Amino acid sequence: MIELDLSAQIAEVRATFADIRAVADVDRLRADIERLSEEAGAPDLWDDPEKAQQVTSALSHRQAELTRLNGIEQRLDDLEVLVELANSEGDDESAEEARNELQELQKTVGDLEVQTLLDGEYDERPAVVTIRAGAGGVDAADFAEMLLRMYLRWAEQHGYSAQVMDTSYAEEAGIKSATFEVDAPYAFGTLSVEAGTHRLVRMSPFNSAGKRQTSFAAVEVIPLMEEAQEVDIPETDIRVDVFRSSGPGGQSVNTTDSAVRITHLPTGIVVSMQNEKSQIQNRAAAMRVLQSRLLLLQREAEAAAKKELAGNITASWGDQMRSYVLAPYQMVKDLRTEHEVNNPQAVFDGDLDGFIAAGIRWRKQKPVG
């Protein structure tokens, strides 16, 4: 048996991981966990449920990050032991296991390396994603629903908390729009590269002649800010409408007017929420998203960089960032990074990591301005 030598590859992974640990600042992580644990153990914590949720969520995220870093370090140590075992005993099975583990570690550390590029002001925040059907009629509405499922599947596969906050169903099929929140470490920084116009080309299931149809959907991603952070919204600046939550085909989800639509009169921003059962909860959720949108506008005005984060997305020809082609060939291609795959079904099932990683690296390397 030829001696198994993975020392160079393992050393390379260790060097990359050492840089990641330095950026993650493990000492700061431990200090944060200690502080948040004390806050979480306070007897009056749940007197303010919203603050309690913020504390426990932050604690959970930091504990998960530290556990992941410690787990990778342990796996690297175990891999070196496995290589020694394979060589000392001439064990082909252990050698194959070591090669497979090295490949998995290379991918895991590579994914973490991408996360270290997320150093923007809002990158650590939860994300609020809005999908809107664009040009293309019924196909566009159906495409918007496909994208909603795609992102929810991606979140599910990663164990991230994802909650649909509002859905506006189209009359024939699909959705006009949907808004959902992803609460996970670096959710905004990760998903912000998905913002833009997505294009679908396929043989339309809604066209009796079976013609090829091109349709569009817009994806907007904003960071979810802590409630009332730096934004005061006078009651005179908003109009609040209540209505019944509804599902596909206009069927009522409940029999009370619990859904809430808030219009910010000075800017025209409209936020709707219908996920919660009570009108009070929906109003609180809508106000939080409205505050996030207004804070972005405020920051963008100060920085003279309007729409830098959420983007000005028209969902039509001319500003596409990704194409999903189902006919006459099968391909999904990001037009910014040139990253492409030939399995659209896997992508629609949530396999987005390659596109997201390529997008984050592209954004970091893109010349300013």
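Keep in mind that this is a model prediction, so the values were computed, not measured. Residue numbers restart at each chain and count upward from 1, following the sequence in its written direction. Per-residue local features are limited, in this predicted model, to residues with pLDDT of at least 70; the limit for side-chain atom pairs, both in listing and counting, is 80 or more; totals at the level of whole chains, interfaces and linings are taken over all residues. Water and hydrogen atoms play no part in the side-chain values, which are based on all heavy atoms of the structure.

(A) Just the overall build of the chain, in detail. A tally of helices and strands in the chain yields nine helices and 11 strands. For the chain, buried positions account for 43% of its 369 residues. It only takes one pair of heavy atoms within 4.5 Å for two residues to be counted as in contact. Counted over contacts in the chain with a minimum sequence separation of 6, partners at least 24 positions apart contribute 66%. In this text, helices come from DSSP runs of H or I with a minimum length of four residues, and strands from runs of E with a minimum of two, each type numbered from the N-terminal end. Relative accessibility decides the category of a residue: with a 1.4 Å probe and only protein chains considered, values under 20% of the type maximum give buried, values over 50% give exposed, and everything between is partly exposed.

(B) Local environment of the nonpolar core. Ile131, Leu147, Tyr151, Leu191, Leu290 and Tyr324 are the most contacted members of the largest nonpolar core, which has 59 residues in total. If you tally residues by element for this core, the top one is helix 5 (residues 137–157), at nine residues. Setting aside residues up to four positions removed in sequence, Leu191 forms contacts with Ala127, Val129, Tyr151, Trp154, Val182, Val221 and Ile356. Residues Val26, Leu29, Leu69 and Leu102 belong to the second largest nonpolar core, which totals 30 residues. What we call a nonpolar core is a set of buried Ala, Val, Leu, Ile, Met, Phe, Trp, Tyr and Cys residues that are connected through their side-chain atoms within 4.5 Å.

(C) Just a negative patch on the surface, in detail. Like charges within 9 Å and nonpolar side chains (Val, Leu, Ile, Met, Phe, Trp, Tyr) within 5 Å are joined into patches, using only residues over 30% in relative accessible area that form no salt bridge. Per-residue and other accessible areas were derived by the Shrake-Rupley procedure at a 1.4 Å probe size, with only the shown protein chains allowed to occlude residues. By definition, a salt bridge exists where a carboxyl oxygen of Asp or Glu is found within 4 Å of a side-chain nitrogen of Lys or Arg. His is not counted, nor are the chain ends, whereas Lys and Arg count as positive and Asp and Glu as negative. In this description, the location of a charge corresponds to atom NZ of lysine, CZ of arginine, CG of aspartate or CD of glutamate. A cluster of like negative charges, contributed by Asp44, Asp47, Asp48 and Glu50, occupies part of the molecular surface. When you line up the elements, Asp48 lands in the loop between helix 2 (26–40) and helix 3 (49–89). Given the relative accessible area of 40%, Asp48 is considered partly exposed.

(D) Representation of the sheet that holds strand 7 (residues 259–264). Taken together, the three strands give an open sheet; going across it, the order is 6-7-8, and neighbouring strands pair in antiparallel fashion. Of all strands in the sheet, those with a lone pairing partner are strand 6 (238–243) and strand 8 (269–273), marking the two edges. Each neighbouring strand pair of the sheet contributes to a mean axis angle of 15 degrees, computed without reference to strand direction. Here strand 7 pairs with strand 8 via five bridges, running antiparallel. If you follow Arg261 over to strand 8, its bridge partner there is Ser272. In this description, strands pair whenever DSSP reports at least two bridges between them. Every axis in this analysis is a line fitted to C-alpha atoms, fitted for helices over the stretch in contact. Angles between the N-to-C directions lie between 0 and 180 degrees.

(E) Representation of the sheet that holds strand 3 (residues 175–183) within the structure. One open sheet accounts for eight strands, arranged 2-3-1-5-4-9-10-11; its pairing is mixed. Across the chains shown, the open sheet's two edge strands, defined by having one partner strand only, are strand 2 (161–169) and strand 11 (340–341). In this sheet, strand 5 (residues 212–223) lies alongside strand 1 (residues 127–133) in antiparallel orientation, the contact comprising seven bridges. Considered in strand 5, the bridge of Val128 is made with Ile222. Relative to the sheet, helix 5 contacts strand 1, strand 2, strand 3, strand 4 (196–203), strand 5 and strand 9 (320–325), its axis offset from that of strand 5 by approximately 45 degrees.

(F) Seen up close, the pattern of salt bridges. Tallied over the entire structure, the rule returns 25 salt bridges. In this structure, Asp27 and Arg30 form a salt bridge, with 4.0 Å as the shortest nitrogen-oxygen distance. Taken together, the positions of Asp27 and Arg30, both in helix 2 and three residues apart, correspond to about one turn of that helix. Each of Arg28, Asp32, Arg35, Glu39 and Arg62 takes part in a single network of salt bridges with overlapping partners.

(G) Just the confidence of the model for the chain, in detail. Looking at the chain as a whole, its pLDDT mean stands at 86, while 89% of the residues score no less than 70. Each residue carries a pLDDT value, the predictor's own confidence for that position, ranging from 0 to 100. Low pLDDT, under 50, characterises residues 249–253; the predicted model gives this stretch five contacts beyond four residues in sequence or across chains.

(H) Structural context of the environment of Ala24. Position of Ala24 among the secondary structure elements: in helix 1 (residues 7–24). On the basis of relative accessibility, which here comes to 9%, the residue Ala24 falls in the buried class. The contacts of Ala24, once residues within four sequence positions are left out, are Leu29, Glu65 and Leu69.

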